[in-house]
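Letter by letter, the chains look like this.
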There are 2 protein chains.
Amino acid sequence: MGVFNMFETEENNIEEKKEKETSQKNDVNDVLKVSSKSDPNSVAGAIAGTIREHGEAELQAVGAGAVNQVVKAIAISRGYVAPSGLDLICVPGFKDIEINGEKRTAIKFVVEEK
Amino acid sequence: MGVFNMFETEENNIEEKKEKETSQKNDVNDVLKVSSKSDPNSVAGAIAGTIREHGEAELQAVGAGAVNQVVKAIAISRGYVAPSGLDLICVPGFKDIEINGEKRTAIKFVVEEK
């Protein structure tokens, strides 16, 4: 049954869909913030949409669980856009952010066409 | 003090160094297997060495903690090779593997020059 078994799709992941719609409406600088509870398939859809519209997507994750979801989402999104001839790659980096007044180090991912 | 504070370097991470030496001796198909306990700086050194020798590196991680260490290592390794004019990117994917007779899904990362 392949690897996609891992991700049981929730048909109505409303929060993710909202995020996707928002990111598609706004400009390229919008960051997709991913949590450990984000559904990788929904995030992958958001990445594919953002790439198609803006040519690149930026994601941000804090913590190992969130980083893991981002990586899975990028892998899945590669399959979403590959039939259109797009070969996605990602560039990870660190980003100092503040959450509730606390300094944290987020991982930032830029996803773009090869 | 910046993001690198997160990773307190162990000067003598012997296991990682052995892995690095082995990977540099063998051909490009050798996979750097990363665990949640791997030191991102050591893994970054292994990536940089493999890239310099073979032009690309492949890493494998099972579980969120291990995936997180790989991503941090790739971000750090970008800084290691950037002064030589190399701009590293990564391509994540899934890989079905078997650990102690149990089927697991690993995340595979191919790191290469842009």
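Note that the structure is a prediction, hence the values are computed from the model and not measured.

1. What about the overall build of chain A?
Okay, so step 1: The number of helices and strands found in chain A is three helices and four strands.
Okay, so step 2: Out of the 114 residues in chain A, the part that is buried amounts to 46%.
Okay, so step 3: On chain A, roughly 6000 Å² of surface is accessible, and the fraction owed to carbon and sulfur atoms is 45%.

2. Remarks on helix α2 (residues 40-54) of chain A
All names here are of chain A.
Okay, so step 1: Relative to the 21 Å expected for 15 residues at 1.5 Å per residue, α2 spans 20 Å between its end C-alpha atoms, a close match to the ideal helical length.
Okay, so step 2: Considered for burial, the residues of α2 that qualify are Pro 40, Asn 41, Ser 42, Val 43, Ala 44, Gly 45, Ala 46, Ile 47, Ala 48, Gly 49, Thr 50 and Ile 51.
Okay, so step 3: Following α2 by one or two positions, Gly 55 has its phi on the positive side, about 85 degrees.

3. Comments concerning the packing of α2 of chain A against helix α3 (residues 64-81) of chain A
Residue and element names in this part refer to chain A.
Okay, so step 1: It is the contact of α2 with α3, at a shortest axis distance of 8 Å, that shows an interaxial angle of 55 degrees. Between α2 and α3, the crossing angle belongs to the class labelled oblique. Relative to α3, α2 is oriented so that their crossing is right-handed. Mapping the contact onto sequence places Pro 40, Asn 41, Val 43, Ala 44, Gly 45, Ile 47, Ala 48 and Arg 52 in α2 and Gln 69, Lys 72, Ala 73, Ile 74, Ile 76, Ser 77, Tyr 80 and Val 81 in α3.
Okay, so step 2: Among the residues forming the contact of α2 with α3, the class breakdown is 10 nonpolar, four polar and two charged.

4. So, the confidence of the model for chain A
The predicted coordinates should not be examined in detail at positions where pLDDT is low.
Residue and element names in this part refer to chain A.
Okay, so step 1: Of all residues in chain A, 75% have pLDDT values of 70 or greater, and the mean over the chain is 83.
Okay, so step 2: Overall, residues 1-28 carries pLDDT values under 50, and its contacts beyond four positions in sequence, including any with other chains, amount to 39 contacts.
Okay, so step 3: Overall fold confidence (pTM) sits at 0.77, and the ipTM for the predicted complex is 0.76.

5. Side note on the relation of the copies chain B and chain A
The relation between the two copies of this chain is a rotation about an axis and a shift parallel to it.
Okay, so step 1: The two copies are related by a screw motion: chain B maps onto chain A through a turn of 180 degrees and a shift of 0.0 Å along the axis, at an RMSD of 0.0 Å. With respect to symmetry, the two chain copies, as superposed, fit the operation of a two-fold axis.
Okay, so step 2: Comparing interface residues between copies, 100% of those in chain B also lie at the interface in chain A; the contact surface is shared.

About the cut-offs
Residues numbered from 1 in each chain as written. Chains lettered and ligands numbered in written order. Predicted model: local features only at pLDDT ≥ 70, side-chain atom pairs only at ≥ 80, totals over all residues. Heavy atoms only, no water. Helix = DSSP H or I, 4+ residues; strand = E, 2+ residues; numbered from the N terminus. Buried < 20%, exposed > 50% of the residue type's maximum accessible area, 1.4 Å probe, protein only. Areas by Shrake-Rupley, 256 points an atom, 1.4 Å probe, with all protein chains shown as cover. Expected span 1.5 Å × (residues − 1). Axes fitted to C-alpha atoms, helices over the stretch in contact; angles between N-to-C directions. Parallel < 35°, antiparallel > 145°, perpendicular 65-115°, else oblique. Left-handed = near helix turned anticlockwise from the far one by under 90°. Contact = heavy atoms within 4.5 Å. Nonpolar A, V, L, I, M, F, W, Y, C, P; charged D, E, K, R; others polar. pLDDT = per-residue confidence, 0-100. Least-squares fit on C-alpha atoms with pLDDT ≥ 70 in both.

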